[in-house]
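Letter by letter, the chains look like this.
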Amino acid sequence: MFNWNFLKNPRSLFAITHDIAVIAVAWFFAYWLRFGFGITDPYISTMWLNLAWVIPVQVICFLFFSLYQGIWRFASIPDLKRILNAISVGGLLIATIYLMVKPYGVIPRAVLILHPILLLLLMGASRFTCRVWKDRYQYRALSFKGKPVVVLGAGAAAVALVKDLAHSEAWRVVGIFDDDKTLIGRRIEGAEVLGAIGELSGFTSKHQVQHVIVAMPSVDRLTMRAAVDVANACGMTVLTVPSFDDLISGK
């Protein structure tokens, strides 16, 4: 059973309206490519007549695969997989219905192949373009706000932390320090790995950074303690990203 609550959300209504338009655009371009950049007269009318039932079939597949429960600015690989599954099932249904019924004249076989491919490209591109725009432009203003903070560590926890802080008004990541020399000079979510943890004091004294977040929850306690001691020696306020075990135990 479909959940029709998405109709109450203006963004979901925009998304489904967008996808309906994209279905029509992909359908037109499939014909356009099939006939060498020019659709001949006999197929123009049947193209639009068949589109009248192609759109509902494809939209039902979109609803079945819950395409409108996600948020475009958080579009990810699982979202792309759902789009791929919905378009694939829709393409098979459209081809089956056409071969069994032929509602409004002939649909070239190439169109039945090209349409799902074009639809996938257009829908995927629109969603990931929205995500890129949100990440690069909407949150760009936040990069000049918040307290400057340095992150120690460049592992998975640090990457997730820097990514989240990029959307924060309270903190502004000004650099990352990690003992992996192969990472020095590289950027993680826009923040540069400036050097080894032992080089922290020179940076903080020059840039007057007062806060540091130790994002190394998976390392042993001695390594964590050494990183915290370096930050304490610089007179910085130290915060730590807890390990999963500490979260579960409530420490």
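Whatever comes next refers back to the structure up there.
This one's a predicted model, so the numbers in the text were calculated from it and none came from an experiment.

Caption draft 1: Region of interest: the packing of helix H1 (residues 10-34) against helix H2 (residues 41-64). Interaxial distance between H1 and H2 falls to 9 Å at its minimum, and their mutual angle equals 140 degrees. Considered as vectors, H1 and H2 are oriented oblique to each other. Of the two possible hands of crossing, H1 and H2 adopt the one that is right-handed. The residues of H2 that touch H1, namely those facing Ile16, Asp19, Ile20, Ile23, Ala24, Trp27, Phe28 and Tyr31, are Tyr43, Met47, Trp48, Asn50, Leu51, Val54, Ile55, Gln58, Val59, Phe62 and Leu63. Per-class residue counts for the contact of H1 with H2 are 16 nonpolar, 2 polar and 1 charged.

Caption draft 2: Structural view of unusual backbone geometry. A positive phi angle, close to 60 degrees, is found at serine 66, a residue other than glycine. Within the secondary structure, serine 66 is located in the loop between H2 and helix H3 (77-101). Phi is positive for lysine 102, which is not a glycine, with a value near 50 degrees. Looking at the element boundaries, lysine 102 is found in the loop between H3 and helix H4 (109-138).

Caption draft 3: Representation of the pattern of salt bridges in the model. This model, assessed by the stated rule, comprises 3 salt bridges. When the shortest N-O distance is used, the salt bridge between arginine 127 and aspartate 19 registers 2.8 Å. With arginine 127 in helix H4 and aspartate 19 in helix H1, this residue pair connects regions lying 108 residues apart in the sequence. By the burial criterion, arginine 127 is buried, and aspartate 19 matches it. In this structure, the salt-bridge partner of aspartate 229 is arginine 225, at a minimum N-O distance of 3.2 Å.

Here is what the cut-offs are and how they apply
- Starting afresh in each chain, residues are numbered from 1 along the sequence in its written order.
- Residues qualify for local features only when their pLDDT is at least 70, as the model is predicted, and side-chain atom pairs are given and counted only at 80 or more; totals for whole chains, interfaces and linings, by contrast, use all residues.
- To obtain the side-chain values, all non-hydrogen atoms of the structure were used and water was disregarded.
- Axis angles are defined between N-to-C directions and span 0 to 180 degrees, where every axis is a line fitted to C-alpha atoms and, for a helix, only to the segment in contact.
- Counting from the N terminus, the helices are the DSSP runs of H or I reaching at least four residues and the strands are the DSSP runs of E reaching at least two.
- Roughly parallel here means an angle under 35 degrees, roughly antiparallel means over 145, roughly perpendicular means 65 to 115, and every remaining angle is called oblique.
- A clockwise turn of the near helix away from the far one marks a right-handed crossing, whereas an anticlockwise turn of less than a right angle marks a left-handed crossing.
- Residue contacts are defined here by distance: any two heavy atoms, one from each residue, within 4.5 Å place the two residues in contact.
- The nonpolar class holds Ala, Val, Leu, Ile, Met, Phe, Trp, Tyr, Cys and Pro. Asp, Glu, Lys and Arg form the charged class, and all remaining residues, Gly among them, are polar.
- When a carboxyl oxygen of Asp or Glu lies within 4 Å of a side-chain nitrogen of Lys or Arg, that pair is called a salt bridge.
- Here's how the labels work: a residue is buried when its accessible area is under 20% of the maximum for its type, exposed when over 50%, partly exposed in between, all with a 1.4 Å probe on protein chains only.

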